[in-house]
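Chain residues, written in single-letter form:
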Amino acid sequence: MSSIIPLLTEVEKAGIAERQALPERYLGLPDAEMDARITAARGKLGNRLVILGHHYQRDEVIKFADYTGDSFRLARQIANRPEAAYIVFCGVHFMAESADVLCAPHQQVILPDLAAGCSMADMAEPDQLESCWEALNQMGVAPRRSSGQAGVVPVTYINSAASIKAFVGERGGTVCTSSNAAATLKWAFERGEKVLFLPDQHLGRNTAYKLGIPLDEMVVWDPNEIVGGVDPDQLKRAKMILWKGHCSVHTRFTVQQIEAIRRQHPGVRVIVHPEVPWDVVQAADDSGSTEHIIKTVTNSPQGSVWAVGTEVHLVNRLATDLAPDRTVVSLDRFGCLCSTMFRVSPNHLLWILEELVEGRVHNRITVSDDQKHWTRVALDRMLSIR
Ligand code: SF4
């Protein structure tokens, strides 16, 4: 089990209109009562409510989602429900921020538990990015060339704060998800010589490598080191500048686990999420976003055996509901759990919905107006890339 329980950053705190802990009367309720009350509250709210559920949510929560998916798919769903005044996002903070930027002005986005952050998103702070950009400019790497081509196109993974997305949007860059990372890198290289990819070095490295960029044309920028801790000559040669960030859940998967599972289950197919380290992707049979993993496993022949390297709730759902005629196990025998996704409990969902029925909105996520414009530019670019 992962032990990531990140505190909210200052940036996240700034986006929170009101913070309130789960009232005590919502603790210790029997499951059946919670289910019945959530169903009743949903019924009362009708089409004024839409619930979005990320694949890594627990079963007791995701079963109430109107739409399920990865960040990309859920971001696309927002435009489909303009009549919903309330968007309850069962996911983590950065997802709710993106929803607030993409939704209409009359819609309010709610995160059932405000402590549901993301340790990876917290690894890129706006002042660190500003220092990085300034250094890249001073080193002559970032400025636009006389040809009109950008020196560096910044691309941020959707798992980042709105302030980071706004920074990237303002400098001609965009946002990507694990579903569209390859298309996004192609888009970026049509516009610039190099890509600054943040905050997940592994997604950046794995995607670029798949596109044919060798490892020696990638450097890692450590925001805690002077000038990123990179060698200037290496930086000049590099096509990819990878921010030193990672997912605490997906970096638990190892090559040793793959070797062990192949010994244990001869003929097993191993599929992993691209947030895992590069050597793990090389040792696996396939890699891709959660949507790719679901599609690949559910379309595989009946009786096939899969070891899956992603968050345990999705792995278990594949095993029990989505691909029942296949054998699906977690690549990590203990299962890797995202503890911040896990924070969204049915108790929180029930509380939020019953309060909405009474006209009270808690845990609303808002992105400040000064960040909204460029965040929207970056997200719209992402949605336009095919
Ligand atoms: S799985 Fe990793 S990247 Fe996704 S929300 Fe959890 S910590 Fe963040």
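The structure displayed is predicted, hence computed values, not measured ones. (Residues numbered from 1 in each chain as written. Predicted model: local features only at pLDDT ≥ 70, side-chain atom pairs only at ≥ 80, totals over all residues.)

1. Considerations on the overall build of the protein chain
From N to C terminus, the protein chain includes 16 helices and 13 strands. Projected onto its principal axes, the C-alpha coordinates of the protein chain cover approximately 65 × 55 × 35 Å. With 386 residues in all, the protein chain has 51% of them scored as buried. The long-range share in the protein chain, meaning contacts at least 24 apart out of those at least 6 apart in sequence, stands at 70%. (Helix = DSSP H or I, 4+ residues; strand = E, 2+ residues; numbered from the N terminus. Buried ≥ 20, exposed ≤ 12 C-beta atoms within 10 Å, placed from the backbone. Contact = placed C-beta atoms within 7 Å.)

2. Focus on the nonpolar core
Of all hydrophobic cores here, the largest spans 119 residues; its most connected members are Ile87, Phe89, Cys90, Val195 and Ile241. Other than its neighbours up to four places away in sequence, Phe89 contacts Leu52, Met95, Ala96, Ala99, Val109, Ile110 and Leu111. (Core = buried A, V, L, I, M, F, W, Y, C linked by C-beta atoms within 7 Å.)

3. Section: the sheet that holds strand 7 (residues 192–198)
In spatial order, the strands read 6-5-7-9-8; together these five strands make up an open sheet with parallel pairing. Only two strands of the sheet have a single partner each, and these edge strands are strand 6 (174–176) and strand 8 (218–221). Strand-to-strand twist across the sheet, computed as the mean angle between neighbouring axes with direction ignored, equals 30°. As judged from the three bridges shared by strand 7 and strand 9 (residues 240–243), these two strands associate in the parallel manner. Paired with Val195 across the two strands is Met240, which belongs to strand 9. Sheet strands touched by helix 7 (residues 162–170): strand 5 (150–157) and strand 6. Its angle to strand 5, the strand with the most contacts, is close to 155°. (Pairing = 2+ DSSP bridges. Axes fitted to C-alpha atoms, helices over the stretch in contact; angles between N-to-C directions.)

4. As for helix 15 (residues 346–357)
For helix 15, built from 12 residues, the straight-helix expectation of 16 Å at 1.5 Å per residue is met to within 8% by its first-to-last C-alpha distance of 16 Å. Among the 12 residues that make up helix 15, nine are buried, leaving the element largely enclosed by the rest of the structure. Among the residues of helix 15, those classed as buried are Pro346, Asn347, His348, Leu349, Leu350, Trp351, Ile352, Leu353 and Leu356. In this structure, the buried residues of helix 15 make contact with helix 2 (31–45), strand 1 (49–54), helix 3 (59–62), strand 3 (86–90) and strand 4 (108–110). Of the residues flanking the end of helix 15, it is Gly359, one or two places downstream, whose phi is positive at about 85°. (Expected span 1.5 Å × (residues − 1).)

5. Thoughts on the site of the ligand
In the region of the ligand, 14 residues are neighbours, and Cys118, Met120, Cys247, Val249 and Cys338 sit closest. Considering only residue class, the shell around the ligand consists of nine nonpolar, four polar and one charged. (Near = placed C-beta within 6 Å. Nonpolar A, V, L, I, M, F, W, Y, C, P; charged D, E, K, R; others polar.)

6. Description of the domain arrangement of the protein chain
With domains assigned, the protein chain is organised as domain 1 (17–118 + 343–365), domain 2 (122–247 + 373–384) and domain 3 (250–330). In this structure, domain 1 and domain 3 have C-alpha centres spaced 29 Å apart. Every contact between the two is made by eight residues of domain 1 and, on the other side, seven residues of domain 3. Of the residues belonging to the side of domain 1 that touches domain 3, the class tally is one nonpolar, three polar and four charged. (Domains from an automatic or database assignment.)

7. Concerning the pairing of strand 10 (residues 269–272)
Pairing geometry for strand 10 and strand 12 (residues 305–309), over four bridges, is parallel. From the neighbouring strand, Val270 faces strand 12, where its bridge partner is Ala307. Examined bridge by bridge, strand 10 and strand 11 (residues 286–287) share two bridges and lie parallel to one another. Bridge pairing in strand 11 links Ile271 to Asp286.

8. Looking at the environment of Ala104
One can find Ala104 in the loop between helix 5 (93–102) and strand 4. Ala104 sits in the partly exposed class, given 13 other C-beta atoms within 10 Å. In this structure the C-alpha to C-alpha distance between Ala104 and Arg81, which are 23 residues apart in sequence, comes to 9.8 Å.

9. Brief notes about the environment of Ile271
With respect to the secondary-structure elements, Ile271 resides in strand 10. In this structure the C-alpha to C-alpha distance between Ile271 and Asp285, which are 14 residues apart in sequence, comes to 5.9 Å. Residues within four places of Ile271 in sequence aside, it is in contact with Ala284, Asp285, Asp286, Ser287, Ile293, Thr296, Val297, Trp306 and Val308.

10. A closer look at the packing of helix 8 (residues 181–189) against helix 9 (residues 201–210)
Interaxial distance between helix 8 and helix 9 falls to 9 Å at its minimum, and their mutual angle equals 75°. It follows that helix 8 is roughly perpendicular to helix 9 by the angle criterion. Between helix 8 and helix 9, the contacting residues are Ala181, Ala182 and Leu185 on the first element and Leu203, Thr207, Ala208 and Lys210 on the second. Of the residues belonging to the contact of helix 8 with helix 9, the class tally is five nonpolar, one polar and one charged. (Parallel < 35°, antiparallel > 145°, perpendicular 65-115°, else oblique.)

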